[in-house]
Amino acid sequence: MQQRIVVLAGGIGGARFLRGLKSAAPDADITVIGNTGDDIHLFGLKVCPDLDTVMYTLGGGIHEEQGWGRAGETFAVKEELAAYGVGPEWFGLGDRDFATHIVRTQMLGAGYPLSAVTEALCARWQPGVRLLPMSDDRVETHVLVDTEDGRKAVHFQEYWVRMRASVPAHAIVPVGAEQAKPAPGVLEALAAADVVLFPPSNPVVSVGTILSVPGVREAVADAGAPVVGLSPIVGDAPVRGMADKVLAAVGVESTAAAVARHYGSGLLDGWLVDTVDAGAVADVEAAGIRCRAVPLMMTDVPATARMASAALALAEEVRGS
Ligand code: GDP
Ligand code: CA
């Protein structure tokens, strides 16, 4: 029987991990539940940064060093828009990338749900996984910050990309999540899974947002399958990005153990921390979560594949106990 693996993924951390997972488990049937809380409407177009990062990374179209956007990208459209004084200029959309958003927006306008649109886009990219948006309904992560005009909510991308998370976040709100329904296939995939994995994605604004769609957290907790996560925090700091800022907003320390406790033993059966955090293993196990320390730096595909193998091995260990 083909192993059925379900992964709850954000953008860069999720996508890079998935590339390693595919290499470690080439015969597995992999379903990815992607975060859509980062989605934004720009220039009349619907942009889904996390879904596209997964699609381009697994489909061979990603800008490798940057981790997002297309390889060999040019920015003529963005420059032309700027010449008209039309922004925002702080969000990088290249010419090749624009085509994806045009196709998506056109299909949505014709009445297709985001899940069907994502499937159509993936027909080109052949990511080798089934990529599902967490929901077909609109969910938008907002961040509560202090500005000159007082406290206000800004779109996650404005906080992350324009402000570079340079001011404290007081709250993170997945606007629309309460009314959202999981996309077709999401709950079914979780119920049928042999293993559920949390890649080293942002625990608050990626995995946390997916879990905030009603029914998803319950489906993960009730899945008969072991649930194993990999820490995005190594040596008490995010490996890349500013996850510490959004963890602080939800009152969680930026340590591998604190993130495991934040998910909790109700959700997680197993947790991998980096070898530099081996001292956290006992802490995590005391919280009722089986824990191992292995190298967790996704420096290349073979190293990432070893991380994925370690996660699958820990899942087997949990299953056998
Ligand atoms: P985003 O949507 O592009 O921000 O991507 P994700 O939410 O999927 O992942 C972001 C997280 O990945 C960050 O918190 C990083 O700390 C983590 N990350 C990135 N590269 C690595 C790595 O090589 N190892 C580990 N353990 N975490 C990583
Ligand atoms: Ca993201």
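All of these numbers come straight from a predicted model, not from anything done at the bench.

1. Quick notes on the overall build of the protein
- Secondary structure assignment for the protein yields 13 helices and 14 strands.
- A compact globule built from 321 residues would reach a C-alpha radius of gyration of about 20 Å, and the protein, at 19 Å, matches this within 12%.
- When the backbone C-alpha atoms are referred to their principal axes, the protein occupies close to 60 × 45 × 35 Å.
- A buried classification covers 53% of the 321 residues belonging to the protein.
- Sequence separation of at least 24 residues holds for 69% of the intrachain contacts in the protein that already meet a minimum separation of 6.
- For the protein, the accessible area works out to roughly 13300 Å², and carbon and sulfur atoms hold 52% of it.
- Separation of charge centres in the protein, based on 25 positive and 38 negative side chains, amounts to 2 Å.

2. A word on the domain arrangement of the protein
- When the domains of the protein are assigned, the result is domain 1 (4-135 + 179-320) and domain 2 (140-176).
- The C-alpha-based centres of domain 1 and domain 2 are spaced at 21 Å.
- On the domain 2 side, the residues contacting the 21 residues of domain 1 number 18 residues.
- Here domain 1 meets domain 2 over a buried area of about 1600 Å², counting both sides, of which 66% is carbon and sulfur.
- Run the count over domain 1 and domain 2 and you get 0 salt bridges.

3. A word on the sheet that holds strand β8 (residues 171-175)
- Read across the open sheet, the 3 strands follow the order β7-β6-β8; overall the sheet is antiparallel. A single partner strand is all that each edge strand has here, and the edge strands are β7 (150-155) and β8. The mean inter-strand angle of the sheet, taken between neighbouring strand axes irrespective of direction, is 30°.
- Note that strand β6 (residues 140-147) and β7 share 6 bridges and pair antiparallel. By the bridge assignment, H142 is partnered in β7 with H155.

4. A closer look at the coordination of the calcium ion (ligand 2)
- Taken together, D38 (OD), D50 (OD) and D50 (OD) make up the protein donors of the calcium ion (ligand 2), found 2.0 to 2.5 Å from the metal. Of this pair, D38 sits in the loop between β2 (29-34) and β3 (40-42) while D50 is found in helix α2 (residues 49-59), placing the two residues 12 residues apart along the sequence.
- Note on D38: relative accessible area 6%, which makes it buried.

5. Comments concerning the site of ligand 1
- Taken together, 20 residues are adjacent to ligand 1, and P200, S201, S206, L296 and M298 come closest.
- A distance of 2.7 Å separates an oxygen atom of ligand 1 from a polar atom in the backbone of P200.
- Within the contact set of ligand 1, an oxygen atom lies 2.6 Å away from a side-chain nitrogen or oxygen of S206.
- Among the elements that take part in the shell around ligand 1, helix α1 (residues 12-24) stands out by supplying 3 residues, more than any other.

6. A closer look at helix α4 (residues 95-109)
- Between its first and last C-alpha atoms α4 spans 21 Å; for 15 residues at 1.5 Å apiece the expected length is 21 Å, and the two agree.
- For α4, the complete set of buried residues consists of D97, F98, T100, H101, R104 and M107.
- Lining the buried residues of α4 we find β4 (45-47), α2, α3 (76-83) and α5 (114-125).
- One or two steps after α4, the chain reaches G111, where phi turns positive at roughly 105°.

7. Re the sheet that holds strand β10 (residues 227-230)
- The 7 strands are arranged β5-β2-β1-β9-β10-β13-β14 in an open sheet whose pairing can be described as parallel. Two strands close off the open sheet at either side, each with one partner strand: β5 (130-133) and β14 (290-293). Mean inter-strand twist for the sheet, computed between neighbouring axes without regard to direction, equals 20°.
- Sheet topology places strand β9 (residues 195-198) next to β10; 3 bridges connect them, and they run parallel. Residue pairing across strands places L197 opposite V228, the latter belonging to β10.

Cut-offs used in this document
- Residues numbered from 1 in each chain as written.
- Chains lettered and ligands numbered in written order.
- Predicted model: local features only at pLDDT ≥ 70, side-chain atom pairs only at ≥ 80, totals over all residues.
- Heavy atoms only, no water.
- Helix = DSSP H or I, 4+ residues; strand = E, 2+ residues; numbered from the N terminus.
- Rg over C-alpha atoms; globule rule 2.2 N^0.38 Å.
- Buried < 20%, exposed > 50% of the residue type's maximum accessible area, 1.4 Å probe, protein only.
- Contact = heavy atoms within 4.5 Å.
- Areas by Shrake-Rupley, 256 points an atom, 1.4 Å probe, with all protein chains shown as cover.
- Lys, Arg positive; Asp, Glu negative; His and termini not counted.
- Charge placed at Lys NZ, Arg CZ, Asp CG, Glu CD.
- Domains from an automatic or database assignment.
- Buried area = accessible area lost by both parts, 1.4 Å probe.
- Salt bridge = Lys/Arg side-chain N within 4 Å of Asp/Glu carboxyl O.
- Pairing = 2+ DSSP bridges.
- Axes fitted to C-alpha atoms, helices over the stretch in contact; angles between N-to-C directions.
- Donors = N, O, S within 2.8 Å, 3.2 Å for Na, K, Ca; no water.
- Near = heavy atom within 4 Å.
- Polar contact = N/O pair within 3.5 Å; in protein donor to acceptor, adjacent residues only side chain to side chain.
- Expected span 1.5 Å × (residues − 1).

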